[in-house]
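Examining the three-dimensional arrangement
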Amino acid sequence: MPGGWLDFEQPLVELEQRIEDLRLLASRENLEADRELKRLAEKADSLRRRIFSDLTPWQRVQLARHPQRPYTLDYIPMLFSDFVELRGDRAFAEDTAIVAGLARFRDRPVAVVGHQKGRNTRENLRRNFGMPQPEGYRKALRVMQLAEKFGNPVITFVDTPGAYPGIGAEERGQAEAIARNVREMTRLRVPIVVVVTGEGGSGGALAIAVGDRVYMLEYAFYSVISPEGCASILWKTREKAPEAAAALRFTAPDLLEMGVVDGLLPEPPGAAHRSPAAAAATIGDALAGALAELEGLDPGELVERRRARYLAMGAYAPEP
Amino acid sequence: MTWFRKKSAQLPMAFRRREVPDGVWMKCAGCGEILYRREVERRLWTCGRCGAHFRISAADYVAILADEGSFTPLFGEVQSVDPLEFSDARGRYADKLLEEQAGDPAREAVVTGRARIESQPLVLAVMDFHFLGGSMGSVVGERIARAGGLARRERIALVILSCSGGARMHEGILSLMQMAKTCAELGRLHEEGVPYISILADPTTGGVSASFAMLGDVILAEPNALIGFAGPRVIRETIREELPPGFQRAEFTQEHGFVDLIVPRGEMRATLGRLLRYFADSEGRRRHRLPAPPAPAPRA
Ligand SMILES: [Zn+2]
């Protein structure tokens, strides 16, 4: 539902509307309402803190999928200049579920790749709800290898329910496209910085999410399977998705603790959709910090560190 | 195709080791023919009438593929833990692991080790569908990565037989990261010119097909094996259409250009032998072409 608010956001949105109405009324009628406005603003702050300090994993999933959440094409103009979109995999087709191109980030040339969801039904039909087909992944790899050719870093934004499960996608090698991207990203000789901005949906996310630094927005999630998919297999009903969401431990704090991501990027009060510019500013600072650390490294050293990072992932006995 | 639809976890051990029930006679789930069990075993667990390949354990594959007595298991010390303290409607993952291990903590969804096939040395990894659907968690990823590392250091071929529904949900994001781990090692083999043969058995889907299984220098498949990224049920529910006949079967996958050869189980060993000799010969010639190491300096 475009523009819709989540159930747990509703009281906050209503209170903010009351504040706005009162402010308009006061200015129109020239009334003295400062004390009341201040009281309501404090009330809204404490309500926001109460709601957001104690989110369940399932509420985080809803925030990550919020219909107003900023997407790659919202972040690009706020973070980059001179963006030139590059389309098509040069083999079969253009896939609009992934956006890729060349741009400048704080004056350095980079390549940008990201999933793209639509904000309404029409856009979502065009963007396939941010679920790429093989040609999307192949386009992404083409652009990443172009960055490598010119020695420029790659920045990716991850926000997908998953790779598209369709007949054509299977016929054209969805598994091969993902596998190839994952392998090639472990050996790309330029820095890769990944930001999981919304939904990190399994292999469909990983296919553009192998990097030297991986960050997650505070309310993003990143999982081996969707909570609905997990619930339908292990609980035999999709209704148990909230239970699966808790069991899978896929929130940003969980992944930070497990060492799968390097940093949790705090979202503005009320989450990224309440202030996309503030979210973009936080992302921009993280990207700049990561690139400053990575750009000095010799390409061989960079690749060896990236491989070592992924070769060390996992939990087994005896502890490595 | 699932030959026997009962859930393996509910079957007694004797049945679980191999999805072919005990008894003198058995029925082929492919064509319905009543088959003499010893004849099926002699035919490497395939149906003499319709050619159906029954799903077998990793141990059975090792016996079929490797020279007799040549397999030395390695990396069995890498064993599963329960990093998320995961539990679902049926209980704790930790308990499920104990049950699947059946007293042998080294038992997991992959067996790895050294072997010889037609006298050629190799590193062999065979997945076992009977252990949690062959799912890839941290142990599968680590054993495969170590197998790759061993093959790379010794410059002998890596052969992986995949038979898996994909990543293991019970280990969450760590299972997904095994895709990157195995691919990172395969990237090294790729750069260093070490051969990797991938064999796809029924089924090879999800995070296994979308990582090492689809990256072989040569990709072989057993006849009629289900090969794909998304499972057929998920696709059917997403597009709300019936799937075309033969969809995602080995023959379909080959027709679309993602499998080199479909090899019946009885011919797999000879096919591997031919490929391994080719690779060994290539390696021998490569060494011959390398510049000779500098002669030791003459003594003063
Ligand atoms: Zn038969």
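Procedures and definitions
- Residues numbered from 1 in each chain as written.
- Chains lettered and ligands numbered in written order.
- Predicted model: local features only at pLDDT ≥ 70, side-chain atom pairs only at ≥ 80, totals over all residues.
- Helix = DSSP H or I, 4+ residues; strand = E, 2+ residues; numbered from the N terminus.
- Rg over C-alpha atoms; globule rule 2.2 N^0.38 Å.
- Buried ≥ 20, exposed ≤ 12 C-beta atoms within 10 Å, placed from the backbone.
- Contact = placed C-beta atoms within 7 Å.
- Expected span 1.5 Å × (residues − 1).
- Core = buried A, V, L, I, M, F, W, Y, C linked by C-beta atoms within 7 Å.
- UniProt positions renumbered as here; feature names shortened; annotations may be inferred.
- Pairing = 2+ DSSP bridges.
- Nonpolar A, V, L, I, M, F, W, Y, C, P; charged D, E, K, R; others polar.
- Axes fitted to C-alpha atoms, helices over the stretch in contact; angles between N-to-C directions.
- Parallel < 35°, antiparallel > 145°, perpendicular 65-115°, else oblique.
- Left-handed = near helix turned anticlockwise from the far one by under 90°.

Digging into the overall build of chain B
Along chain B, the regular secondary structure elements total ten helices and twelve strands. What you see for chain B is a C-alpha radius of gyration of 20 Å, in line with the 19 Å of a compact globule of 300 residues. With respect to the three principal axes, the spread of C-alpha positions in chain B is 80 × 45 × 40 Å. Relative to its 300 residues, chain B shows a buried fraction of 48%. When contacts within chain B are restricted to residue pairs at least 6 apart in sequence, long-range pairs at least 24 apart make up 66% of them.

Some words on the overall build of chain A
When helices and strands are tallied, chain A shows 14 helices and nine strands. Relative to a compact globule of 320 residues, whose C-alpha radius of gyration would be 20 Å, chain A shows 21 Å and is just as compact.

Quick look at helix α5 (residues 138–154) of chain B
Residues and elements named next belong to chain B. End to end, α5 covers 24 Å across 17 residues, agreeing with the expected 24 Å (1.5 Å per residue, within 8%). Taking burial as the measure, the 17 residues of α5 include twelve buried ones, the bulk of the element. Those residues of α5 not exposed but buried are S138, V139, V140, G141, E142, R143, I144, A145, A147, G148, A151 and R152.

Describing the nonpolar core
Core analysis: the largest hydrophobic core is formed by 167 residues, its most contacted members being A:V113, A:V154, A:I178, A:V182, A:M216, B:L158 and B:L200. Considering each element in turn, this core owes the most residues, ten residues, to helix α6 (residues 172–192) of chain B. If near-sequence neighbours (up to four positions away) are discounted, A:V182 is found in contact with A:L206, A:A207, A:V210, B:M179, B:A180, B:C183 and B:S211.

Some thoughts on the UniProt feature "coiled-coil region" (unreviewed entry) in chain A
When the UniProt feature table is mapped onto this chain, "coiled-coil region" (unreviewed entry) is found at residues 12–50 of chain A. Overall, residues 12–50 of chain A shows 90% helix and 0% strand. The separation of its end C-alpha atoms is 10 Å.

Things to note about the pairing of strand β8 (residues 120–127) of chain B
All names here are of chain B. Counting buried positions along β8 yields six of eight residues, so the element is predominantly enclosed. With eight bridges connecting them, strand β7 (residues 110–117) and β8 associate as antiparallel partners. Opposite V111, over in β8, you have V126 as the bridge partner. Here β8 runs beside strand β9 (residues 157–164); their pairing, made up of five bridges, is parallel. By the bridge assignment, V123 is partnered in β9 with L158.

What to know about unusual backbone geometry
The amide bond that connects A:A317 to the next residue, A:P318, takes the cis arrangement and shows omega of -10 degrees. Tracing the sequence through the fold places A:P318 in the segment after β9 (316–317). A cis amide bond, omega -5 degrees, links B:D202 with the succeeding residue B:P203. Structurally, B:P203 is set in strand β10 (residues 196–204). One non-glycine residue with positive phi stands out, namely A:R106, at about 45 degrees. On the secondary structure map, A:R106 appears in the loop between β2 (98–105) and β3 (108–115).

Thoughts on the interface of chain B and chain A
Tallying the contact residues gives 51 residues for chain B and 44 residues for chain A. Looking at the side of chain B that touches chain A, the elements that each hand over two or more residues are β4 (79–80), β5 (87–88), α5, α6, α7 (206–209) and α8 (232–239) of chain B. Here the side of chain B that touches chain A is built from residues that sort into 29 nonpolar, 16 polar and six charged. In this sheet, β4(B) lies alongside β9(A) in antiparallel orientation, the contact comprising two bridges. What sits directly across from A:Y316, in β4(B), is B:S80.

With respect to the environment of B:G165
All names here are of chain B. Checked against the element boundaries, G165 lands in the loop between β9 and α6. Accessibility expressed as a C-beta count within 10 Å gives 22 for G165, which makes it buried. Separated by 43 residues in the primary sequence, G165 and L122 have C-alpha atoms spaced 26 Å apart. Not counting chain neighbours up to four residues away, the residues in contact with G165 comprise G133, G134, S135, P203, T205 and G206.

Let's talk about the UniProt feature "domain: CoA carboxyltransferase C-terminal" (unreviewed entry) in chain A
Here the UniProt-annotated "domain: CoA carboxyltransferase C-terminal" (unreviewed entry) positions come out as residues 39–293 of chain A. Helix makes up 46% of residues 39–293 of chain A and strand makes up 19%, while its end C-alpha atoms are separated by 45 Å.

Comments concerning the sheet that holds strand β3 (residues 72–74) of chain B
All names here are of chain B. Judged by pairing direction, the sheet is mixed, and its seven strands sit side by side in the order β3-β7-β8-β9-β10-β11-β12 without closing on themselves. A strand with exactly one partner marks an edge of an open sheet, and here the two such strands are β3 and β12 (261–262). Relative to β7, β3 runs antiparallel, the two sharing three bridges. The residue of β7 that forms the bridge with P73 is G113.

As for helix α6 (residues 134–149) of chain A
Because an α-helix packs 3.6 residues into every turn, residues spaced three or four apart end up facing the same way. Residues and elements named next belong to chain A. The end-to-end C-alpha distance of α6 is 22 Å, a good match for the 22 Å that 16 residues give at a rise of 1.5 Å each. Along α6, the positions that sit buried rather than exposed are P134, E135, G136, Y137, R138, K139, A140, L141, V143, M144 and A147. Immediately downstream of α6, the backbone of G151 shows phi near 75 degrees, a positive value.

Quick look at the environment of B:S57
Mapped onto the secondary structure, B:S57 falls in the loop between α2 (37–42) and α3 (58–65). Along the chain, B:S57 and B:L290 lie 233 residues apart, while their C-alpha atoms are 42 Å from each other.

Some points on the packing of helix α4 (residues 72–79) of chain A against helix α13 (residues 276–294) of chain A
Residue and element names in this part refer to chain A. Taken N-terminus to C-terminus, the directions of α4 and α13 make an angle of 65 degrees; their axes are 10 Å apart at the nearest point. With respect to α13, the axis of α4 lies roughly perpendicular. Viewed along their axes, α4 and α13 form a crossing whose handedness is right-handed. Each of D74, Y75, M78 and L79 in α4 lies in contact with α13, whose residues at this interface are P276, A277, A280, I283 and G284. Of the residues that constitute the contact of α4 with α13, the class distribution is seven nonpolar, one polar and one charged.

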